[in-house]
Amino acid sequence: MIVAERKPLNEIVQSLAGRKRVLVLGCGGCVAVCCSGGEKQAELLGEQLKLAAQVACKAASGGEEAARGGTAAPGGKVEITVDCITRQCDREFFANMKHDLKDFDVVLSTACGVGVGYMTALYPEKVILPALNTTFYGANVAPGQWQEFCHGCGDCVLAWTGGVCPIARCSKSLINGACGGTNHGKCEVSKDMDCAWYLIYKRLKELGRLEDLRKMRPARQWSKDRGKGVRRLTHEELMQDTEVQK
Amino acid sequence: MRDGSLTSKQYAELASPADLMQREWAPCRYHCPVHADVRAYIEHAAAGRFGAAIDTIRDNLPFAAICGRICHHPCEANCRREDVDSALAIREVKRFVAELQGAKGSTVRKAAKQDKAKVAIIGAGPAGMAAALDLAKLGYRPTVFEKFPFAGGIPATAIPKYRLPREVIQIDIDWICAHGVELVTGVEIGKDKSIEQLKAEGFSAVLVAAGLAKSRMLPLPGADHPLVRPVLDFLQEISLTEKSAIGQDVLVIGGGNVAVDAARSALRLGAKRVRMMCLEAEAEMPAWEWERTEAREEGIDFINRRGPVEILVKSGKITGVKARKVTRVFDENKRFNPQYDDGDVTTVECDCVVMAIGQMADLGFARGSNVKADARGRVEFSPVTFQTSDPAVFACGEIVTPPGSAVEACASGQRAVKAIDLFLSGRAIRLSDELPPFIGKIAPAVGEKVRQVPRNKVATADAAGRKSSFEPVDFNYVEAAALCEARRCMGCGGGAEVLVDKCAGCLTCLRVCPFGIPKVADVATIDSALCQACGMCAAECPNNAIVSRSKPARDLATRTAAILKDKPGQVIAYICGQHASAEKWKAITEVPEVNEVYVTSTAGISVNDMLSALVNGASSLLVIACHEGADRYPNAVGRIRARVMQAKSLIQEAGLNGERIKLFELA
Ligand SMILES: Cc1cc2nc3c(=O)[nH]c(=O)nc-3n(C[C@H](O)[C@H](O)[C@H](O)COP(=O)(O)OP(=O)(O)OC[C@H]3O[C@@H](n4cnc5c(N)ncnc54)[C@H](O)[C@@H]3O)c2cc1C
Ligand code: SF4
Ligand code: SF4
């Protein structure tokens, strides 16, 4: 699942650049599951923006919280509307919006970058802004905690790395074993981070499969990662004669 | 658990979110003969909203004050709390609320226009008065004729004052009459006026609600002695005059509640010894267990499994009752069919006998009318249409139903009104018996997690003191006890419902629920029979996919906005129901004017609720929670702490002082 986290309010407010009629659009998919961008969080962002606007108004009139306000001020009166659809990465769901995009100067999307990008492609006349930083593909390891497990590199190696991803979990995405910075199982980048290659070694040893590490393998296809530009997936059996949206 | 799921579209299309409550009822409501919305009125009471509580009670139950004292409370007998610790004292909460509010404190909702047909009602008992009220609310013009000089029926004429003070009855009568019910007392239909006369006076329909006005007697040798008293005459005389002819050694024949009332009344009139004799063994006696206990506490003895054969009279005085042994009361088919051992006959000494073996109808009202009696001497009557042999004359209450309770008589009166309304609007009389299903027992695994709170007892007068007067034998709750008792209610059936199309299957509900209720297969399901309605899941669900059956979505935010609309810039306090009406939290805040908003528990307050209070103009928000372990839901305090922290940091991010949201945890 895609994991994302809320951007700081200041950054969001600055990106709004004084636009007045704002639609905060939640996504009921991955970002809802990681509790960052579902309907509830979209509403919460809406409330925060309204408060920031109130503070800004007061600041303008020299109010009590003026000193504190300042940075978060979206610049006077704004109209905030909140909506949410099932997923922002599928065109059909946009038909379920309760509001008409025409009525807004800007859409603040609480989807991951996919939602923001796809909406921009679908509605080129609109300004679509991100409210989240899309962070990683991860799992919910404990209530309230998510962790990265995969990088989406396009050429999966988990079969011979004992299920531990060196691309996602080694700070340098090394593919041929640990670097000199490995330190008693920890990564030189941070004492809190496990060395991925240490984990791989340990795991394969437990499995009695250290042989796998000695095998010669063809050079990695980094082109499947970002090397050849935008990646696409095609299932010919599902294709129809409709135009592909960029 | 009920079948079928709820989508957000269906939810949006509901006329009112409260319609969800109709999917399944709590068992208290289901088993109440008038189906009073117990959960709802107890919730009002728990929050100190006593006015709203009495209005909700009276929506279904006109005899709220009377039933607060004397109802046999089938609601309590079916309360799900019984499997946690003990049933909620629903009747005592009702009694507190009804008598605190009185007639003036109950809202009168009169029909906009009362210009429909005139309807005459015979008898101002529970059945007749309940019917009159509903007729008036429908716009009819009801007149109730009562042969006694006051309204109330058996509760006013026979139920002893130590159980039901007369001023309590008046609360209900006054409130009912305020709806445009005309009451004519001291007029006996069949004697002072006939049904035909009523019709001639312009009444389009007549409803007979004359109850059971005569005592059954046994044709025993000696039974014509003046100190063999028919129970109703005896109780009615006491009720009117606080006196009645009686001996020193009283034997009450009968084992039901009426017999207990007669026995306890005889004690209060000064009898030296009072005993009850009945066919049944103690466990078979129809009198409620609590009635028997109270009687025994006052020194009344039971003689079980004896049937009277003869009243022994010597030189004009009763000396005893000859009684034979009863070998069985009920046959294999559980039908009343007593058998005796004539070889085992004893004499029970006494100088006075009260016959309390049942009541029967007095058909005097029918004189000079088309209303006929059936072969067994009862009013000819259709339980389907409520009509007698005269289609314009209807009947309800105990005159046509098996003997029961005041609340059942009210229910019968209310149903009769539906029939009369159909009749008078020229439609076929067809009444539906359909009710929603009720939720089942609480599962032991869930019941264990519910915080135990002992039932609040009512104070009772000690037996030695109470048995010499007709003063009440027990006392109303004080406010603190009423609140505490009401807060024991688990809000059954008012819990969470998943909007399946919105659910992302994120498992948040499953992780936050302190009772382990939600299950998530592809989407979440919440078994309403198990849900404790704490609201934790709804407060956290990232997709707003969980709604409450008992509260509209965003209820708290809406209520808060309504307060702030008239007076922005005020302080709002979200107060845990455990602290309703408690002054103590005010002492610690130093805020002069605070708008109190009560919640059942802070468990259901979301971060969004907190922010929206400020958006809507609250100058600051106080969240008043219980201290750890005192909240009705496990870990509610932990959750609210985390949420308040999040809310503070979010408002700070927006440029506000984080101190504008404050949490207080009170001991
Ligand atoms: C001693 C006793 C104790 C009871 N205790 C309880 C209890 O604790 N809890 C409980 O729930 N129930 C109790 N009941 C039962 C309850 O009182 C009855 O179920 C209920 O009153 C029946 O209501 P009703 O309206 O059908 O009849 P009633 O209450 O009998 O009312 C009928 C009314 O019609 C009037 N009437 C009759 N004929 C005429 C006429 N011809 N013209 C004008 N008016 C007429 C009567 O005077 C009376 O006022 C008790 C009953 C008795 C007898
Ligand atoms: S928290 Fe909400 S979205 Fe998540 S599983 Fe429960 S109901 Fe579904
Ligand atoms: S969290 Fe509370 S409201 Fe939700 S399912 Fe559990 S008990 Fe019911």
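Calculation rules
- Residues numbered from 1 in each chain as written.
- Chains lettered and ligands numbered in written order.
- Predicted model: local features only at pLDDT ≥ 70, side-chain atom pairs only at ≥ 80, totals over all residues.
- Heavy atoms only, no water.
- Pairing = 2+ DSSP bridges.
- Helix = DSSP H or I, 4+ residues; strand = E, 2+ residues; numbered from the N terminus.
- Axes fitted to C-alpha atoms, helices over the stretch in contact; angles between N-to-C directions.
- Contact = heavy atoms within 4.5 Å.
- Domains from an automatic or database assignment.
- Near = heavy atom within 4 Å.
- Nonpolar A, V, L, I, M, F, W, Y, C, P; charged D, E, K, R; others polar.
- pLDDT = per-residue confidence, 0-100.
- Buried area = accessible area lost by both parts, 1.4 Å probe.
- Salt bridge = Lys/Arg side-chain N within 4 Å of Asp/Glu carboxyl O.
- Polar contact = N/O pair within 3.5 Å; in protein donor to acceptor, adjacent residues only side chain to side chain.
- Buried < 20%, exposed > 50% of the residue type's maximum accessible area, 1.4 Å probe, protein only.
- Arc of directions from axis to C-beta.

Colleague: Any chance you could explain the sheet that holds strand β9 (residues 301–304) of chain B here in plain terms?
Modeller: To summarise the sheet geometry, strands pair through backbone hydrogen bonds and adopt either a parallel or an antiparallel arrangement. All names here are of chain B. Reading across from one edge, β6-β13-β7-β8-β9 is the order of the five strands in this open sheet, with parallel pairing throughout. The open sheet is flanked by β6 (228–230) and β9, the only strands paired with a single partner. The sheet shows a mean angle of 25° between the axes of neighbouring strands, taken without regard to direction. Contacts from helix α12 (residues 231–241) reach β6 and β13 (352–355), with the element oriented near 80° to β6.

Colleague: For this particular structure, what's the right way to read the domain arrangement of chain B?
Modeller: Think of interface size as the accessible area that goes away when the parts come together; that is how it is often given. As far as domains go, chain B holds domain 1 (1–24 + 493–550), domain 2 (118–212 + 360–424), domain 3 (215–358) and domain 4 (555–666). Distance between the C-alpha centres of domain 2 of chain B and domain 4 of chain B: 51 Å.

Colleague: Sorry if this is basic, but what is going on with the site of ligand 3 here?
Modeller: Looking at ligand 3, the residues that line it are B:C513, B:F515, B:I517, B:P518, B:I526, B:C531, B:Q532, B:A533, B:C534, B:G535, B:M536 and B:C537. In terms of residue class, the shell around ligand 3 is made up of ten nonpolar, two polar and no charged.

Colleague: Is there a simple way to think about the confidence of the model for chain B in this case?
Modeller: Across chain B, the average pLDDT comes to 93, with 97% of residues at or above 70. Two summary scores accompany this predicted model of the complex, namely pTM at 0.87 and ipTM at 0.88.

Colleague: Would you take a moment to explain the interface of chain A and chain B for this structure?
Modeller: The partner chain B presents 28 residues to the 30 residues of chain A that form the contact. Taken as a group, A:K40, A:L44 and A:L51 account for 28% of the area that chain A buries against chain B, more than any other trio of residues on that side. Between chain A and chain B we count four salt bridges in total. Here B:R554 and A:E43 are joined by a salt bridge, their closest N and O atoms 2.1 Å apart. Seen at the junction of chain A and chain B, the total is 20 residue pairs in polar contact (both at pLDDT 80 or more). Of all the secondary-structure elements, those providing two or more residues to the side of chain A that touches chain B are α2 (30–33), α3 (39–60) and α4 (66–69) of chain A. The element best represented in the side of chain A that touches chain B is α3(A), accounting for 13 residues.

Colleague: Explain the site of ligand 1 to me, please; I cannot follow it from the model alone.
Modeller: Residue and element names in this part refer to chain B. Close contacts around ligand 1 come from 35 residues, with I70, E146, R163, E398 and A406 the closest. A distance of 2.9 Å separates a nitrogen atom of ligand 1 from a polar backbone atom of I189. Those elements giving two or more residues to the shell around ligand 1 turn out to be α8 (126–137), β2 (141–146), α9 (154–157), α12, α13 (257–268) and α15 (406–424). In the shell around ligand 1, the residues fall into 21 nonpolar, eight polar and six charged. Domain assignment of the residues forming the shell around ligand 1 places at least three in each of domain 2 (118–212 + 360–424) and domain 3 (215–358).

Colleague: Looking at this model, I keep getting lost on the pattern of salt bridges. Mind explaining?
Modeller: Close approach of charged atoms allows side chains of opposite charge to pair. Residues and elements named next belong to chain B. Going through the model one piece at a time under the given rule, you end up with 62 salt bridges over all chains. For R455, the salt bridge identified is with E76, shortest N-O distance 3.1 Å. A residue pair is termed long-range when its members are at least 10 positions apart, and R455 in the loop between α16 (444–447) and α17 (463–466) and E76 in helix α6 (residues 74–77) qualify at 379 residues. According to the relative accessible area criterion, R455 is partly exposed, its value standing at 34%. R488 serves as the salt-bridge partner of E485, at 2.7 Å between the closest nitrogen and oxygen. Each member of the pair, E485 together with R488, is buried. Within this structure, R264, R268, E294, E297, E298 and R466 form a network of salt bridges that share partners.

Colleague: Whenever I open this one, the sheet that holds strand β2 (residues 21–27) of chain A confuses me. Can you help?
Modeller: All names here are of chain A. Reading across from one edge, β3-β2-β4-β5 is the order of the four strands in this open sheet, with parallel pairing throughout. Two strands in the sheet have a free side with no partner beyond their single neighbour: β3 (79–85) and β5 (128–130). Within this sheet the neighbouring strands show an average axis-to-axis angle of 25°, counted without direction. The sheet contact formed by β2 and strand β4 (residues 106–109) spans four bridges and is parallel. Within β4, the residue paired with L25 across the bridge is S109. Across the face of the sheet, α3 comes into contact with β2, β3 and β4 while running at roughly 175° to β3. Of the strands in this sheet, β2, β4 and β5 touch helix α5 (residues 113–122), which is tilted by about 175° from β5.

Colleague: What should I look at first to understand helix α14 (residues 289–297) of chain B in this one?
Modeller: In an α-helix, one turn spans 3.6 residues, which is why side chains three or four residues apart end up on the same side. All names here are of chain B. For α14, the complete set of buried residues consists of E291, R292, E294 and A295. Down the axis of α14, the sector holding all buried residues measures 165°, keeping them to one side. Contacts from the buried residues of α14 go to α13, β9 and α17. Looking one or two residues past α14, G299 carries a phi angle of roughly 100°, positive in sign.

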